Amino acid sequence: MASKESLEARAAQCNGVDDLVALAREALADPADPDYARELLNQAEMQCQFPADYAKVAEVHAGPLDERDYARDLYQQAEDACFEGKEFALLGHSIATHLGDRDKGRELLTKAAEESKELAEFLTLARYAKEDLEDDALAKELLGKVEGACKGLEDFRTLAETVLREQNDPETARELYKKAARFCADVPVTVAYAQGIVELFDDRDWARKILDDAQSECQFTKEFVELASGYQRLFGDTDKVKELLEQAREFAMTGEENMDLARGFWTLLQDKEAASAAYEKALAEIATGSELLELAKTVAVELGDKALASKVYEKAEGKLTGTADLLKLARSVCEDLGDRALAAQIHTRLEERLVSSADLSALAGEVIATLDDKTRAAAIYEKALKQVGDFQGYMKLLDQVCERLDDEALARRILERAEQGAASSTDLLELAARAQDLLREEAFTRRLVETAEEKVTTLQELRAVAEAVKKYFNDDAAWATRVAEKLEKREANQSVYEAFQKREAGADTLKKYLILAHEVMERLEDPYYARKLLAAAEALLAGRPFVFNRYHDLILAVDRHLHDHDWTRRLLDASADRCTTFSCLHEVGHCAARELSDGAGGRELAQRYYQACEGKIDDDGAKSPYDYSKLASIVLEDLADRDWAGGLLEKAEGVARNHFALSHLGLLAARMGDAGLAQRLYGAAAAACDTAVAFVQLATRLLAHGVPEDIVHSIYEVGGHRLQDPVEHLHWVEGILEVFRDDDWARTEYDAIAGRFTTSNQTLYRASRKYRLERTL
């Protein structure tokens, strides 16, 4: 019993409609204070926002206060605020139970049904219709809508469970669940349907009939096995299970069906013999390695049939290709069969196939984990070491070796190889820390820290080197002093470095990188920072289409600033490999032979490129003399190798078929100073002429290229002896006037051939002599 004073104190603490309504109900308890209750309800009404709020206030007015008209007004406000089906449902329920207005309640429940979509909402509406309105017809109608919303067996089971739990109506639940039978389209769903009958209604006769009826529909092995599992799980009927599995055996034809049969015999009857026989039949048709691995483990572990498991593992090895799968196979062989020898054989065969460091490392680790054979693992790690391609790869390998083996010699070899692959000062300092920790050899650690000092590119890296010197060589005062001086200089020029680094961050073209590297060398004389910039430039070019002119500028920058002949050689070799035209190859060779600081090394590179080009020409069935002549020209230009150039011209002579090519070769021979070869090639060119026009073309070309006239004269004379046809001979004589403008020689030749012209072609001869020779007089 609460006094008004205590209620007022509590009213100040109320938070929302629920608290105020609850307090108003207390105010109406003995002794009742309806006036204060109305005051609290008025406060609650002022805070109402949703239909449920209005309904809670109205329920007090309709009940304890018996102010039904006022309650109806509040219910109307609640109805005006309704939007969702569940709001109409709650309001209808409240009006029916607190005002006793079933007609209004029915109206609102009908509206709620129109808005509702969820099973739970329809079930609530059906319960309200049955309990509040005592309207069985409406309740069944609403349950019918629930049924229509059910999309599968699970929905019907949920519906039946809800009816049993909330309405305690097993008959309705049974009738609703029966309608789920239409979803029993296959055996698994049918078995689940029967299981629901047992679990919800404990009606085993009904459930058995469902399964008995399903048996006549079974056509496949899997269906018989699934049905047998239902009889086993629901009724423990072993005889029926055996009967169904025998029928399943008759239908088992494929590998998959025999797998289903084997699983049935083992899981349902624990019949190892029958299961093994079915698995063996299935083995012939299983094609994937993963399925074979799974089968082998089942046969070995569950059935304990190691002989069959061995067959499956053998077949699985032939199907598996991935390293992880084959390692899993070997481990299974060891664990499931206890056959360490077979596992070792699988490891050996796998080792022969592996080429990557990661795969070999994984194999070595598995050899230790499975067979505890550390000697064998060490040999595999040695192979892995040869395949590592980057610094982080060496570190991963070192971590694995240190974790799994106590092999200081192998760790040393990894560190030494990693030293060769370390690209930065940071990498080398990491190596130094590892070497000091593992080997504690001062000479090795010193070499690493010294190299790290040489490769410093940032202030932070130099500070790290200073720390390393202090940590590992604190008794070397001279070294500490040298590094300190470098650090002081670096810190003094830090603003310059920062400016360069800011420009570096914005560098997006080759030109910007090259200018920056040049300025770094001019202002700071820091080849390590320049190296970093030029390496970034190379990375930039690698992502763009190949143009040698760009690489040409990079090569010269590397040569000029770093004198790194290995790097320039690598860039030139890569460029030569990527050239698809002769002019490109010439640019690469010329750069190597004529523009590098290492002249001898550059000429050696150019020679190698040109030799490779010669080999390709030799092997080309469609080669021309011009292929050899172009190569001879650049061999002479870039290497000044007259003997080689002469040999190429001789090869060109061997494939030349006309006076154009042969005269071209002769001119090249003359240019390189080999007069004898030039004379021979001119003669060969004359020998290739078989018309007066060809002789005229040859002589004209030779004179145009500055060949002495007496030499051309002697070459042209060959035509006078070779041309047998009088008309061709006449044109040859005309050529003397056209090419040499030598009237005396022409007259002599005209006189010499006059007797070769008969009456039929005398006109041609006279016209030629008259208009060619005599007109010039």
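Rules of the game
- Residues numbered from 1 in each chain as written.
- Predicted model: local features only at pLDDT ≥ 70, side-chain atom pairs only at ≥ 80, totals over all residues.
- Heavy atoms only, no water.
- Helix = DSSP H or I, 4+ residues; strand = E, 2+ residues; numbered from the N terminus.
- Buried < 20%, exposed > 50% of the residue type's maximum accessible area, 1.4 Å probe, protein only.
- Contact = heavy atoms within 4.5 Å.
- Areas by Shrake-Rupley, 256 points an atom, 1.4 Å probe, with all protein chains shown as cover.
- Polar contact = N/O pair within 3.5 Å; in protein donor to acceptor, adjacent residues only side chain to side chain.
- Phe/Tyr/Trp six-rings, centres within 6.5 Å; stacked < 30°, edge-to-face > 60°.
- Salt bridge = Lys/Arg side-chain N within 4 Å of Asp/Glu carboxyl O.
- Disulfide = S-S within 2.5 Å.
- Axes fitted to C-alpha atoms, helices over the stretch in contact; angles between N-to-C directions.
- Parallel < 35°, antiparallel > 145°, perpendicular 65-115°, else oblique.
- Left-handed = near helix turned anticlockwise from the far one by under 90°.
- Core = buried A, V, L, I, M, F, W, Y, C linked by side-chain atoms within 4.5 Å.
- Expected span 1.5 Å × (residues − 1).
- Nonpolar A, V, L, I, M, F, W, Y, C, P; charged D, E, K, R; others polar.

A.B. asks: Whenever I open this one, the overall build of the protein confuses me. Can you help?
C.D. replies: A count of helical and extended segments in the protein gives 45 helices and zero strands. When burial is assessed residue by residue, the protein has 46% of its 777 residues classed as buried. Long-range contacts, defined as pairs at least 24 residues apart, comprise 55% of the intrachain contacts of the protein with a sequence gap of at least 6. Per element, the accessible surface of the protein, about 39,100 Å² overall, is 48% carbon and sulfur.

A.B. asks: Sorry, what's going on with the side chain of Asp-203 here?
C.D. replies: Tracing the sequence through the fold places Asp-203 in the loop between helix 12 (187-201) and helix 13 (204-215). Polar side-chain contacts of Asp-203 include one of 3.0 Å to the backbone nitrogen of Trp-206. Once you skip the residues sitting within four places of it in the chain, Asp-203 turns out to touch Arg-174, Ile-197 and Val-198.

A.B. asks: Would you mind showing me how to read the packing of aromatic side chains here?
C.D. replies: Each aromatic ring pair is specified by the distance between its two centres and by the angle formed by the two planes. This structure, assessed with the given rule, holds 18 aromatic pairs. Each ring, one from Tyr-716 and one from Trp-745, has its centre 6.2 Å from the other, and the planes form 85°; the classification is edge-to-face. In this pair, Tyr-716 is assigned in helix 42 (residues 709-722) and Trp-745 in helix 44 (residues 743-753), connecting sequence segments 29 residues apart. Three or more aromatic residues link up through ring pairs in this structure, and these residues are Phe-695, Tyr-716, Trp-732, Phe-740 and Trp-745.

A.B. asks: Help me out: how do you make sense of the pattern of salt bridges in this one?
C.D. replies: Where side chains of opposite charge bring their charged atoms close, a pairing between them can arise. One pass over the structure, following the stated rule, counts 43 salt bridges. Across the pair Arg-106 and Asp-103 runs a salt bridge, and its minimum N-O distance is 3.3 Å. Of the two residues, Arg-106 and Asp-103 are both situated in helix 7 (residues 102-115); the distance of three residues between them amounts to about one turn of the helix. Take Asp-103: its relative accessible area is 58%, and that puts it in the exposed class. One network of salt bridges, with partners in common, ties together Glu-79, Lys-104, Glu-107 and Lys-111.

A.B. asks: How do you make sense of the state of the cysteines when you look at a structure like this?
C.D. replies: As used here, a disulfide is simply a covalent bond connecting the sulfur atoms of two cysteines. Under the criterion given, the structure shown has one disulfide. Between the sulfur atoms of Cys-579 and its disulfide partner Cys-584 the distance amounts to 2.2 Å. Because the torsion about its S-S bond is -60°, the bridge between Cys-579 and Cys-584 counts as left-handed.

A.B. asks: Would you mind showing me how to read the environment of Phe-444 here?
C.D. replies: Residue placement: Phe-444 occurs in helix 27 (residues 442-454). The class for Phe-444 is buried, based on a relative accessible area of 3%. Expressed as a C-alpha distance, the spacing of Phe-444 and Ala-432, which sit 12 residues apart in the sequence, is 7.9 Å. Once residues within four sequence positions are removed from consideration, Phe-444 is found in contact with Arg-412, Leu-415, Glu-416, Glu-419, Ala-435 and Leu-439.

A.B. asks: Where do I start with the packing of helix 42 against helix 43 (residues 726-740) in this structure?
C.D. replies: Helix-helix packing is characterised by the crossing angle of the two axes and by the distance between the axes. Across the interface, helix 42 lies against helix 43 with an axial gap of 10 Å and an inter-helix angle of 165°. Considering the angle they form, helix 42 stands roughly antiparallel to helix 43. Viewed along their axes, helix 42 and helix 43 form a crossing whose handedness is right-handed. Residues Glu-709, Val-712, His-713, Tyr-716, Glu-717, Gly-719 and Gly-720 of helix 42 pack against His-729, Trp-732, Gly-735, Ile-736 and Phe-740 of helix 43.

A.B. asks: So what exactly am I meant to see when it comes to the environment of Arg-523 here?
C.D. replies: Structurally, the position occupied by Arg-523 is in helix 31 (residues 510-523). Take Arg-523: its relative accessible area is 59%, and that puts it in the exposed class. Taking C-alpha positions, Arg-523 is 8.9 Å from Val-496, a pair spaced 27 residues apart along the chain. Those residues in contact with Arg-523, other than ones at most four positions away along the chain, are Val-496 and Phe-500.

A.B. asks: Would you mind showing me how to read the nonpolar core here?
C.D. replies: Soluble globular proteins: nonpolar side chains tend toward being buried together. Within the largest apolar cluster, 97 residues are counted, with the highest numbers of intra-cluster contacts made by Leu-534, Leu-554, Leu-572, Tyr-609, Tyr-610, Tyr-716 and Trp-732. When residues of this core are assigned to their parent elements, the largest contribution, eight residues, is made by helix 33 (residues 548-562). When sequence neighbours within four positions are dropped, the list of residues in contact with Leu-572 reads Phe-548, Ile-555, Val-588, Cys-591, Ala-592, Leu-596, Leu-605 and Tyr-609.

A.B. asks: Explanation requested: the side chain of Arg-490 in the structure shown.
C.D. replies: Mapped onto the elements, Arg-490 comes out in helix 29 (residues 477-492). According to the relative accessible area criterion, Arg-490 is buried, its value standing at 4%. A polar side-chain atom of Arg-490 sits 3.4 Å from a polar atom in the side chain of Asp-526. If sequence neighbours within four positions are ignored, Arg-490 has contacts with Val-456, Thr-457, Thr-458, Leu-459, Leu-462, Tyr-497, Gln-501 and Asp-526.

A.B. asks: Whenever I open this one, helix 38 (residues 642-655) confuses me. Can you help?
C.D. replies: Working note: α-helix, 3.6 residues per turn, so residues spaced by three or four point in the same direction. The end-to-end C-alpha separation of helix 38 is 20 Å, in line with the 20 Å expected for 14 residues at 1.5 Å each. Every buried residue of helix 38 is listed here: Trp-644, Ala-645, Gly-646, Leu-648, Leu-649 and Ala-652. The elements touched by buried residues of helix 38 are helix 36 (599-619), helix 37 (625-639), helix 39 (659-671) and helix 40 (675-687). Its side-chain oxygen placed 3.4 Å from the backbone nitrogen of Asp-643, Asp-641 serves as the N-cap of helix 38.

A.B. asks: Honestly, helix 14 (residues 221-235) in this entry has me stumped. Any pointers?
C.D. replies: If you check helix 14, its first and last C-alpha atoms are 21 Å apart, about what 15 residues at 1.5 Å a residue would give, namely 21 Å. Of the residues making up helix 14, those classed as buried are Thr-221, Glu-223, Phe-224, Val-225, Leu-227, Ala-228, Gly-230, Tyr-231 and Leu-234. Where helix 14 ends, the next residue or the one after it, Gly-236, has phi of about 60°, a positive value.

A.B. asks: So what exactly am I meant to see when it comes to the packing of helix 1 (residues 4-11) against helix 2 (residues 17-27) here?
C.D. replies: Interhelical geometry of helix 1 versus helix 2 gives an angle of 180° and a closest axis separation of 11 Å. Between helix 1 and helix 2, the crossing angle belongs to the class labelled roughly antiparallel. Across the interface between the two elements, Leu-7, Arg-10 and Ala-11 from helix 1 touch Leu-23, Glu-26 and Ala-27 from helix 2. Residue composition of the contact of helix 1 with helix 2, grouped by class: four nonpolar, no polar and two charged.

A.B. asks: Is there a simple way to think about unusual backbone geometry in this case?
C.D. replies: Residues apart from glycine generally show negative phi values, whereas peptide bonds are mostly found in trans. A positive phi angle is found at Asp-202, which is not glycine, with a value near 55°. Along the polypeptide, Asp-202 turns up in the loop between helix 12 and helix 13. Located in the positive-phi region is Ala-640, a residue other than glycine, with phi close to 55°. Position of Ala-640 relative to the elements: it lies in the loop between helix 37 and helix 38. Ala-640 gets classed as exposed once you look at its relative accessible area, which sits at 53%.

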